[in-house]
Amino acid sequence: MIPNQWYAILRSEDIRKKPVGITRFSKKLVLYRDNAGRAVCLDDRCPHKGIPLSNGKQHGDHIACPYHGFQFNQEGKCVHMPVLGRNGTIPKAMCVRSYTLREEHGLIWFWTGAGQADTLPPVPMFENFSRYKGFTSRYGWNAPVHYTRYVESVCEVYHVPFVHKGSALNIWDPKGGRVDDFKCEVNGTLISSNFILRADDERTAEETLHAMLPWKRGWRIGVDVQMPNMVQIRNDVFDVYVIATPIDDDNCWVCVCYQEPKRDLLLPMIKPLPIPVWRRVRPWMMCRMERYIQQAKDMEAIRGQEPRISHLKANKLIALDKVNAYYLKLRDALSRAALENQPAQAAIAAAAQPDPVTHNEMAAD
Ligand code: FES
Ligand SMILES: [Fe+2]
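All residue numbers refer to positions counted from 1 along the written sequence of the respective chain. Throughout, the order in which chains and ligands are written sets their labels, letters from A for the former and numbers from 1 for the latter. This being a predicted model, a pLDDT of at least 70 is required before a residue's local features are given, and a value of 80 or more before pairs of side-chain atoms are given or counted; all residues contribute to the totals for chains, interfaces and linings. Side-chain numbers come from the whole structure's heavy atoms, not from hydrogens or water.

S.K.: Explain the coordination of the iron ion (ligand 2) to me, please; I cannot follow it from the model alone.
M.R.: In an ideal octahedron of six donors the angles at the metal are 90 or 180 degrees, and in an ideal tetrahedron of four donors they are 109.5 degrees. Any N, O or S atom lying within 2.8 Å of the metal counts as a donor, with the limit raised to 3.2 Å for Na, K and Ca; because water is left out of the atom set, some sites can appear incomplete. Here the iron ion (ligand 2) is held by H159 (NE2), H164 (NE2), D298 (OD) and D298 (OD), and the distances to it run 2.1 to 2.5 Å. One can describe the site at the iron ion (ligand 2) as irregular: its four donor atoms subtend angles covering 55 to 145° at the metal. In primary sequence terms, the donor set of the iron ion (ligand 2) follows H-x4-H-x133-D. Of this pair, H164 sits in the loop between α3 (160-163) and β12 (178-187) while D298 is found in helix α5 (residues 276-302), placing the two residues 134 residues apart along the sequence. Only protein chains enter the accessibility calculation, which uses a 1.4 Å probe; a residue whose area is less than 20% of its type maximum is buried, one above 50% is exposed, and one in between is partly exposed. Residue D298 is classed as buried on the basis of its relative accessible area of 9%. Between 85 and 135 degrees for all angles marks four donors as tetrahedral; over 155 degrees for opposite donors together with 65 to 115 for all other angles marks four donors as square planar and six as octahedral; every other arrangement is irregular. In DSSP terms, a helix is any run of H or I states spanning at least four residues, a strand is any run of E spanning at least two, and both are numbered starting from the N terminus.

Here's what the structure looks like:
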């Protein structure tokens, strides 16, 4: 986890009246909504005798421990101890840590540093999604890999003809998977790439883009990484982003968000059904397919990857892995800047300069 960043930790709809216990960044957290509907996040451990507060109940703005009923407010201060009576003196140390949250884009964002929510930078979001007016659907689940490896698995797509061969969404030539016209640039904490994924044959990249048969057609694809942990995939059928947030060193929480597909994926010749509910169903369905079809295959492929946590020297990357390489460089630079209390801007600018000597993974540069 990189300090001083916003990480999405849950979907908004995952927190209702009942407290929810989750693990993120190797911490046990409890979340609930106060009377005003504001999401609250506290350490999920009662300071009295260590009971998970997520097993407790909400009392108005407060959460009550199920063991002796001590109540804690939104700042984590104990405000009522039934055993001492209404006027009892509550010890100052009877408190839990509270965390800074924001709720935007249908997600709950957790700040991995100090400070008040209103003085912090904006939460990260791809412009393609923040300006989108159609229906979107979000779906979240836990995956058994470190979040760096999950981000890496989404930020290149040339594994698709191998890992996703035979799956419903793999309409690329299974023998293909060649990448042409690859371009990558870094702008602050956003890494963007554009390329054509196509069959490996004699045609030019441009010719493959105009092929009639879907399995002969080349695809114009964009893959972007927004630090600290978001990947967007763009093409002429769908736009999706994927977030991978640390749970611990072996697991991450994944959230995908699909827009409405630009045309029907499985039946490209058929126009979307003219039923209003169908517009909502399609991104909903894409999210489920992502989890149960695509990610199941990805997990089979990358389970057992070593080292479990990726870093600058963990891989021998090729030039087409530039997005991956920049992601690791920026991750390293931002973490260092935060730990050394240095301004992030200088670290970001330095990381954007390819340096084949210290960064030998990009040997093809
Ligand atoms: S353990 Fe929570 S109130 Fe006693
Ligand atoms: Fe994949």
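S.K.: What's the story with the pattern of salt bridges in this structure? I'm lost.
M.R.: Pairing is possible between side chains that carry opposite charge, provided their charged atoms lie close to one another. The salt bridge criterion pairs a side-chain nitrogen of Lys or Arg with a carboxyl oxygen of Asp or Glu, the two atoms within 4 Å. Under the counting rule described, the total for this entry stands at 17 salt bridges. Residue R33 is joined to E103 by a salt bridge in which the shortest nitrogen-to-oxygen separation is 2.9 Å. In this pair, R33 sits in strand β3 (residues 27-33) while E103 sits in strand β9 (residues 101-104), placing the two residues 70 residues apart along the sequence. Under the relative-accessibility criterion, E103 is labelled partly exposed at 36%.

S.K.: Got a minute to help me understand the state of the cysteines in this structure?
M.R.: Covalent bonding between the sulfur atoms of two cysteines defines a disulfide. In this description, the term disulfide denotes a pair of cysteine sulfurs within 2.5 Å. Counting across every chain of the model gives zero disulfides. Its sulfur unpaired, C95 is 9.0 Å from the next cysteine sulfur, which belongs to C78. Assessed through its relative accessible area of 36%, C95 is described here as partly exposed. We note that C252 lacks a disulfide partner, and the nearest cysteine sulfur, in C255, lies 12 Å from it.

S.K.: Quick question: what am I supposed to make of the environment of A36 here?
M.R.: Mapped onto the elements of the fold, A36 is located in the loop between β3 and β4 (39-43). Placed 245 residues apart in sequence, A36 and V281 show a C-alpha to C-alpha distance of 31 Å.

S.K.: When you look at the UniProt feature "domain: Rieske" (unreviewed entry) in the protein in this model, what are you seeing that I'm missing?
M.R.: The feature "domain: Rieske" (unreviewed entry), as annotated in UniProt, sits at residues 6-110 in this numbering. With 0% helix and 40% strand, the stretch residues 6-110 has end C-alpha atoms that lie 5 Å from each other. UniProt positions are given in the numbering used here, feature names are shortened, and annotations may be inferred rather than shown by experiment.

S.K.: Help me out: how do you make sense of the side chain of R288 in this one?
M.R.: Among the secondary structure elements, R288 is positioned in helix α5. Positive: Lys, Arg. Negative: Asp, Glu. His and the chain ends are not part of the count. Buried charge without a salt bridge: R288, with E13 as the nearest opposite-charge side chain at an N-O distance of 6.8 Å. Should any heavy atoms of two residues lie within 4.5 Å, those residues are considered in contact. Not counting chain neighbours up to four residues away, the residues in contact with R288 comprise S137, Y139 and I293.

S.K.: Just to check I follow, could you spell out the packing of helix α6 (residues 322-339) against helix α7 (residues 344-351) for this structure?
M.R.: Axes are the key here: two packed helices are described by the angle between their axes and the distance separating the axes. Angles run from 0 to 180 degrees between N-to-C directions of axes, and those axes are lines fitted to C-alpha atoms, restricted for helices to the stretch in contact. For the pair α6 and α7, interaxial distance at closest approach is 9 Å and the crossing angle is 155°. Classed by the angle they form, the pair α6 and α7 counts as roughly antiparallel. Where α6 crosses over α7, the handedness of that crossing is right-handed. Contacts from Y326, K329, L330, A333, L334 and A337 in α6 reach A344, A347, I348 and A351 in α7. Put simply, Ala, Val, Leu, Ile, Met, Phe, Trp, Tyr, Cys and Pro go in the nonpolar bin, Asp, Glu, Lys and Arg in the charged bin, and everything else, Gly too, in the polar bin. A breakdown of the residues in the contact of α6 with α7 according to their chemical character gives nine nonpolar, no polar and one charged. Any angle from 65 to 115 degrees is called roughly perpendicular, while one under 35 is roughly parallel, one over 145 is roughly antiparallel, and all others are oblique. Crossings are assigned a handedness: left-handed for a near helix turned anticlockwise from the far helix by less than a right angle, right-handed for a clockwise turn.

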